[in-house]
Amino acid sequence: MKKTFGDRVFDVCNVLIMAALPYIRHAIEAQLKQGIYSVLRRRVQEGMPLTLEDIRWALDQGDKLCVHIVEEAAERIGLAVANVINLLDPACVVFYGEV
C-alpha cells in the first residue's frame, strides 16, 4: 500500500512485512531456549542465524512452533494494515513481493 503525503510515497505493507521477520526469528529462538521443540533447534544450537528459507522449510515440515509464530505475526500484520487503512483511507491496498 503506497500513500502519498506531498511529495513522499510510503510503502507501508513492505515495511510491516520486513519488520515481521526479526520478530519471527526472535520468537522462535526464545521458545527454543525454553525447551519447545522445533526442527530448527539444531540450527539455533549451532549458533546459525535463522533465515527466511529456514523458516519456510520448517513451515513445509509442519513445524508446530513455526506455524504458531508465523500465524501470530500474520495476525499482527493484518491488524497493523487495518489500522493504517483506517488512518490513511487509501483507495486500494496491494500486497506484493516475496514473503
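Given the structure is predicted, the values throughout are model-derived calculations rather than measurements.

**Digging into the nonpolar core**
Ranked by internal contacts, the top residues of the largest apolar core, which has 13 residues, are Ile-24, Ile-28, Leu-40, Ile-55, Leu-65, Cys-66 and Ile-69. Broken down by element, this core gets its largest block of residues, five residues, from helix α1 (residues 12-33).

**Topic: the environment of Pro-49**
With respect to the secondary-structure elements, Pro-49 resides in the loop between α2 (41-45) and α3 (52-60). Overall, Pro-49 belongs to the exposed group, its relative accessible area being 55%. Sequence separation of Pro-49 and Glu-29 is 20 residues, and the distance between their C-alpha atoms is 9.6 Å. With near-sequence residues (within four places) excluded, Pro-49 lies in contact with Arg-43 and Asp-54.

**With respect to the confidence of the model for the protein**
With 79% of its residues at a pLDDT of 70 or more, the protein has an overall mean of 81. In the model of the protein, strand β2 (residues 8-11) stands out as the element of lowest mean pLDDT, 49, in contrast to α2, which has the highest, 93. In the model, residues 4-9 has pLDDT below 50 throughout and makes six contacts with residues more than four positions away in sequence or in other chains.

About the thresholds
Residues numbered from 1 in each chain as written. Predicted model: local features only at pLDDT ≥ 70, side-chain atom pairs only at ≥ 80, totals over all residues. Heavy atoms only, no water. Core = buried A, V, L, I, M, F, W, Y, C linked by side-chain atoms within 4.5 Å. Buried < 20%, exposed > 50% of the residue type's maximum accessible area, 1.4 Å probe, protein only. Helix = DSSP H or I, 4+ residues; strand = E, 2+ residues; numbered from the N terminus. Contact = heavy atoms within 4.5 Å. pLDDT = per-residue confidence, 0-100.

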